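Residue-level structural notes
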Amino acid sequence: MPTASRRSFWRLAATVLASSLLLVGALSLKPCRAEAEPVALTFDDLPVMSINDDADYQRTTMARLIKGLHRHHYPAFGFAIGGDVESGPDHLGERLLNEWMEAGFPVGNHTWSHNSLNKTPVETYIADTARADALLRGLMRPHGQTPQWFRHPYLDTGATLEDKHRFEGWLKAHGYRVAPVTMENSDWEFSPAYDQALKTGDLAKAEAVRRAYVRYTASVVTWYRAAGLQLLGRRPAYVFLLHACRLNADSIDDLAHIFRENGLKPVSLAKAMRDPVYRRSDDWADADGDEWLTRWAHLAHKKLDWDKFPDPPSDISDESDRLDPNE
């Protein structure tokens, strides 16, 4: 190759190499998209939580909830109350629970009577849970499921450590694990007012309640993500407590938007529970039914920023207390 040609060739090669290095550098400096944080969606009080016992209303609630979860390809886990599964005309509770399982969603035990362990003798509570266990095993068997997870009603795990340990020993002996909660949005405070508005045909009020619920959920999700980071130095895989109610069935798209805005990705309960944080002790005799971030903070002698935790709108809370005083 002539000398002039060689010089031109090497100048071109050097230019190409420099451009390539600049491109690689630029790509390496580009910020990486943060990996989505896992959250397990768990729905308590299956088959349906509602102040409206109309069969069509409950069937529609279950159908909409399942359709919404499928639309967003969300895993979900349901905790069933045995007495509610057995009740209803024409085996309605069983039919609804079967629909949930046929949709591909697993089921856990939420007792027979939805009583508080803090207010019930532990042997009575064990018998109540065992009654639900017997019913659920029979219903779950055709779906290839067995009950493996238990969720305490009201998150009451025992007023004394002796009661807590006694009941947890029974659970372990019968193949159960406790499903903790690290995120919740008080949907049970909004749900009765929403049910009542739909029952009376006041669609404008129903939508106002629903919008208030969505706004509130957005604020508490932000708080819990900050609280997890504050307590643990990282954000854990969350377990979100929701309820199988019409309010959630009609708000799935808005909840999905909140998850996306917060970088949360719904995963199965089993996957969320692989986070090592759930191996932490929650050995606290707690009379208030607190979720697990609060339990861990108490045991670690740390304080969460509860002053910034939002309260549900008082008018909605007051109406819901009037409509459903048992909650």
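First, a word on scope: everything that follows refers to the structure included in this document.

With that out of the way, let us pick up the overall build of the protein chain. A tally of helices and strands in the protein chain yields 13 helices and 8 strands. Taken across its 327 residues, the protein chain has 50% of its residues classed as buried. Considering only residue pairs separated by 6 or more positions, the protein chain has 82% of its internal contacts joining residues 24 or more positions apart. Of the roughly 16300 Å² of accessible surface on the protein chain, 53% is carried by carbon and sulfur atoms.

Time to look at the environment of Leu-117. Here Leu-117 is to be found in the loop between strand E3 (107-109) and helix H5 (122-140). Taking the C-alpha atoms as reference points, Leu-117 and Gly-158, separated by 41 residues in sequence, lie 5.2 Å from one another. Not counting residues within four places of it along the chain, the set of residues in contact with Leu-117 comprises Val-122, Tyr-125, His-152, Asp-156, Thr-157, Gly-158 and Phe-167.

Turning our eyes to something else, we now look at the packing of H5 against helix H6 (residues 161-173). Here H5 crosses H6 at 25°, and the two axes come no closer than 10 Å. Taken together, H5 and H6 sit at an angle that is classed as roughly parallel. Where H5 crosses over H6, the handedness of that crossing is right-handed. Side by side, H5 and H6 meet where Val-122, Glu-123, Tyr-125, Ile-126, Thr-129 and Ala-130 of the first sit next to Asp-163, Arg-166, Phe-167 and Trp-170 of the second.

This paragraph deals with the packing of aromatic side chains. In this structure the tally under the stated criterion is 18 aromatic pairs. Centre to centre, the rings of Phe-77 and Phe-79 are 4.9 Å apart; their planes meet at 40°, and the pair counts as tilted. Overall, the relative accessible area of 0% leaves Phe-79 in the buried class. An angle of 40° between the planes, with centres 5.6 Å apart, marks the rings of Phe-190 and Tyr-216 as tilted. You can see Phe-190 sitting in helix H7 (residues 187-199) and its partner Tyr-216 sitting in helix H8 (residues 203-232), a full 26 residues away along the chain.

So, how was this worked out
Residues numbered from 1 in each chain as written. Predicted model: local features only at pLDDT ≥ 70, side-chain atom pairs only at ≥ 80, totals over all residues. Heavy atoms only, no water. Helix = DSSP H or I, 4+ residues; strand = E, 2+ residues; numbered from the N terminus. Buried < 20%, exposed > 50% of the residue type's maximum accessible area, 1.4 Å probe, protein only. Contact = heavy atoms within 4.5 Å. Areas by Shrake-Rupley, 256 points an atom, 1.4 Å probe, with all protein chains shown as cover. Axes fitted to C-alpha atoms, helices over the stretch in contact; angles between N-to-C directions. Parallel < 35°, antiparallel > 145°, perpendicular 65-115°, else oblique. Left-handed = near helix turned anticlockwise from the far one by under 90°. Phe/Tyr/Trp six-rings, centres within 6.5 Å; stacked < 30°, edge-to-face > 60°.

Nothing here speaks to function; it is all geometry.
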